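Single-letter residue listing:
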There are 2 protein chains.
Amino acid sequence: MTTVLVIDDEPSIARALRINLHARGYDVHVAYDGASGLSVMARERADIVIVDLGLPDIDGVDVINGIRGWSNAPIIVLTARDQEPEKVSALDAGADDYVTKPFGMDELLARIRAAERRALPQPDEPIVRAAHFTVDLAAKQVRSLDGAAVRLTPTEWHIVEMLARHPDRLVTARQLLHEVWGPSYDAETHYLRVYLAQLRRKLEPDPSRPCCLITDPGMGYRLITAPNGCVIQQASHGRQNG
Amino acid sequence: MTTVLVIDDEPSIARALRINLHARGYDVHVAYDGASGLSVMARERADIVIVDLGLPDIDGVDVINGIRGWSNAPIIVLTARDQEPEKVSALDAGADDYVTKPFGMDELLARIRAAERRALPQPDEPIVRAAHFTVDLAAKQVRSLDGAAVRLTPTEWHIVEMLARHPDRLVTARQLLHEVWGPSYDAETHYLRVYLAQLRRKLEPDPSRPCCLITDPGMGYRLITAPNGCVIQQASHGRQNG
DNA sequence: GAGGTCCGTAAAGAAACCATCAAGATCACC
DNA sequence: GGTGATCTTGATGGTTTCTTTACGGACCTC
């Protein structure tokens with residue numbers, strides 16, 4: 001269940017928020033000043049914070065700073081102050097959104113949903129496994145099977161990345177040149193020969209007999225992936241897992 | 001460099017955005033209708049999208065849906081429509097923020113910064129361990145292995161923080177410059193060389209042979225993490241880090 | 001089998017990039 | 001106003017990367 005912390009000293013607003021949020025399945029905590037807001041946040045670890053700027057004790061921006069010191073939970077400012085400098089300072093302090101009173105409850109709820117959605121973990125980019133190396137697209141890194149990082153130049157990486165984003169599929173020379181060198185290099189197929197040879201020297205056990213970086217003569221290149229349980233001749237102690 | 005795509009059919013708005021964003025170091029693309037907006041997005045992979053709802057061809061919500069089909073880039077709606085149902089449907093379609101015209105440029109820029117900030121990864125583990133030091137992201141402190149705090153200048157910390165937020169991942173020079181010095185410093189790669197040398201002097205046992213703060217020539221920098229209790233072996237024969 | 005096209009390999013100069021030292025500029029603070 | 005810390009900028013030398021040239025082999029066509 002998503003927990004929302006409301007920090008607002010206006011009882012009517014706090015009450016309206018508690019009722020509406022609770023009706024939609026949120027777990028709601030309410031604090032009526034900044035100090036108790038910070039302490040409730042520390043205790044309850046709310047998933048989302050809604051904070052007024054005009055609190056009786058602490059300035060709202062300091063509340064934002066206090067939370068941002070240790071939490072990345074989305075913070076939505078809900079306040080009557082509508083001057084631009086206040087919006088800017090609140091947002092730059094770490095607030096995620098800024099809604100001015102009077103506000104529409106449906107809009108606020110939609111903004112809460114947007115904040116929730118952003119907080120969901122983003123799917124990671126995959127790691128593409130070939131028979132003798134792996135391509136980690138997120139880390140921009142190629143590792144040999146023993147886990148050692150292989151150093152690639154920017155151009156080399158760009159080519160491997162392009163191939164790894166289309167595993168086992170044919171990538172035409174034109175596509176590669178277009179993506180790596182730009183639209184006016186479509187005819188420089190020789191660049192590819194030079195760089196593919198370089199990559200095979202770095203990544204293939206027998207560069208003259210490539211088994212991962214394959215040439216389709218007249219067509220282009222493709223990166224052959226290895227099935228997960230793939231048996232490699234040596235490197236038996238390895239930790240390649242599913 | 002952060003790339004912003006503006007989809008708006010009002011020339012005056014589009015022009016104002018282009019000028020202001022460009023002046024702050026963003027790379028700006030402009031599309032004047034939904035169809036070309038979607039195609040520019042597919043081609044340029046903008047980091048942030050600003051979209052009007054009242055486009056001449058496609059409805060803005062459909063533009064949002066079209067982008068959300070394959071991209072998680074933050075989308076900020078900038079429109080004259082201020083009815084609540086439209087806000088709700090745009091936000092629920094996947095928009096991250098909703099700003100109504102007339103709008104303050106400073107506020108919009110602050111909302112863009114907030115969207116950028118959210119796109120930074122937030123590691124769940126607040127302490128990142130490298131072979132010879134640890135980075136405590138919550139406490140904003142670097143400690144050497146014996147537990148002594150290492151004194152870093154604000155800029156030095158900012159760089160270490162950025163690297164530690166992407167442990168083992170490549171961080172490009174542009175990303176670092178953009179985050180630490182601001183959007184208009186993307187070309188000042190020399191700053192990075194100076195500061196990385198400084199950091200290595202403070203954090204690496206042999207600064208001329210870094211093992212934690214690694215340069216990938218032409219690509220960027222990387223903070224190499226160590227598993228807990230890892231014993232570092234002397235560089236045996238080779239010279240490359242693994 | 002001659003000729004052409006495509007591919008793989010090697011190597012060298014040019015260009016871009018990086019590490020380092022050090023001095024000037026700026027700022028906060030006393 | 002002086003002082004120390006920090007940030008910016010310049011200069012130099014070494015290294016890496018990119019581009020280009022050259023050559024030999026494989027394959028297909030005629």
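What counts as what
- Residues numbered from 1 in each chain as written.
- Chains lettered and ligands numbered in written order.
- Predicted model: local features only at pLDDT ≥ 70, side-chain atom pairs only at ≥ 80, totals over all residues.
- Heavy atoms only, no water.
- Axes fitted to C-alpha atoms, helices over the stretch in contact; angles between N-to-C directions.
- Helix = DSSP H or I, 4+ residues; strand = E, 2+ residues; numbered from the N terminus.
- Parallel < 35°, antiparallel > 145°, perpendicular 65-115°, else oblique.
- Left-handed = near helix turned anticlockwise from the far one by under 90°.
- Contact = heavy atoms within 4.5 Å.
- Nonpolar A, V, L, I, M, F, W, Y, C, P; charged D, E, K, R; others polar.
- pLDDT = per-residue confidence, 0-100.
- Near = heavy atom within 4 Å.
- Polar contact = N/O pair within 3.5 Å; in protein donor to acceptor, adjacent residues only side chain to side chain.
- Pairing = 2+ DSSP bridges.
- Salt bridge = Lys/Arg side-chain N within 4 Å of Asp/Glu carboxyl O.
- Buried < 20%, exposed > 50% of the residue type's maximum accessible area, 1.4 Å probe, protein only.

1. A few points about the packing of helix α2 (residues 34–44) of chain A against helix α3 (residues 60–68) of chain A
Residues and elements named next belong to chain A.
In step 1: Two elements in contact, α2 and α3, have axes separated by 10 Å at closest approach and are oriented at 15°. It follows that α2 is roughly parallel to α3 by the angle criterion. In the crossing of α2 with α3, the sense of the turn from one axis to the other is right-handed. Facing Gly34, Leu38 and Met41 of α2, the residues of α3 in contact are Val63, Gly66 and Ile67.
In step 2: The class makeup of the residues in the contact of α2 with α3 is 4 nonpolar, 2 polar and no charged.

2. Let's talk about the confidence of the model for chain A
In step 1: Per-residue pLDDT for chain A has a mean of 90; in total, 94% of the residues score no lower than 70.
In step 2: Confidence over residues 229–242 of chain A falls short of pLDDT 50; this stretch has 9 contacts with residues more than four positions distant or in other chains.

3. Remarks on the protein's contact with DNA strand D
In step 1: Surrounding DNA strand D, one finds 19 residues, the nearest of these being Thr155 and Tyr191 of chain A together with Thr153, Thr155 and Tyr191 of chain B.
In step 2: Near-protein atoms of DNA strand D (within 4 Å) split between backbone and bases, with sugar and phosphate holding 72%.
In step 3: Threonine 155 of chain A is positioned with one of its side-chain polar atoms (N or O) 2.5 Å from a phosphate oxygen of DNA strand D.
In step 4: Measuring from a base oxygen of DNA strand D, one finds a side-chain N or O atom of histidine 190 of chain B at 3.0 Å.
In step 5: At the level of elements, α6 (154–164) and α8 (189–203) of chain A together with α6 (154–165) and α8 (189–203) of chain B are the ones that each hand at least two residues to the surface near DNA strand D.

4. Overview of the pairing of strand β7 (residues 133–136) of chain A
All names here are of chain A.
In step 1: In this structure, strand β6 (residues 127–129) lies alongside β7, joined through 3 bridges in antiparallel fashion. Counted as the bridge partner of arginine 129 is threonine 134 from β7.
In step 2: A loop of 3 residues connects β6 with β7, the two strands running antiparallel in sequence.
In step 3: In terms of strand pairing, β7 meets strand β8 (residues 141–144) through 4 bridges, oriented antiparallel. Among the inter-strand pairings, threonine 134 is bridged to a residue of β8, identified as arginine 143.
In step 4: The turn linking β7 back onto β8 is made up of 4 residues, and lysine 140 within it adopts a positive phi angle of 50°.

5. What about the pattern of salt bridges?
In step 1: On inspection of all chains with the given rule, the structure shows 36 salt bridges over all chains.
In step 2: The closest approach of N and O atoms between aspartate 96 of chain B and arginine 118 of chain A, which form a salt bridge, is 3.2 Å. Remark: arginine 118 of chain A occurs in helix α5 (residues 105–119) and aspartate 96 of chain B occurs in the loop between α4 (84–93) and β5 (97–100); the pair is interchain, linking two chains. Comparing aspartate 96 of chain B with arginine 118 of chain A shows no difference in burial state: the two are buried.
In step 3: Note that glutamate 161 of chain A and arginine 165 of chain A form a salt bridge whose closest N and O atoms lie 2.9 Å from each other.
In step 4: Counted as one network, the salt bridges with shared partners bring together Lys87, Asp97, Glu107 and Arg111 of chain A together with Lys87, Asp97, Glu107 and Arg111 of chain B.

6. Some remarks on the sheet that holds strand β1 (residues 3–7) of chain B
All names here are of chain B.
In step 1: In space, the 5 strands of this open sheet follow the order β2-β1-β3-β4-β5, with parallel pairing throughout. In the strand order of this sheet, the two ends are held by β2 (27–31) and β5, each with one partner. With direction set aside, neighbouring strand axes in the sheet form an average angle of 20°.
In step 2: Examined bridge by bridge, strand β4 (residues 75–79) and β5 share 4 bridges and lie parallel to one another. Bridge pairing in β5 places leucine 78 opposite valine 99.
In step 3: Across the sheet, helix α3 (residues 60–68) touches β1, β3 (48–51) and β4, and the angle it forms with β4 is around 170°.
In step 4: Most of the contacts of α4 go to β5, to which it runs at about 145°, and overall it touches β4 and β5.

7. Examining the packing of α6 of chain A against helix α7 (residues 173–180) of chain A
Residue and element names in this part refer to chain A.
In step 1: For the pair α6 and α7, the least separation of the axes is 10 Å and the interaxial angle reads 130°. It follows from the interaxial angle that α6 and α7 lie oblique. Crossing handedness for the pair α6 and α7: right-handed. When α6 is examined against α7, the residues Thr155, His158, Ile159, Met162 and Leu163 are found in contact with a partner set consisting of Gln175, Leu176, Glu179 and Val180.
In step 2: Of the residues belonging to the contact of α6 with α7, the class tally is 5 nonpolar, 3 polar and 1 charged.

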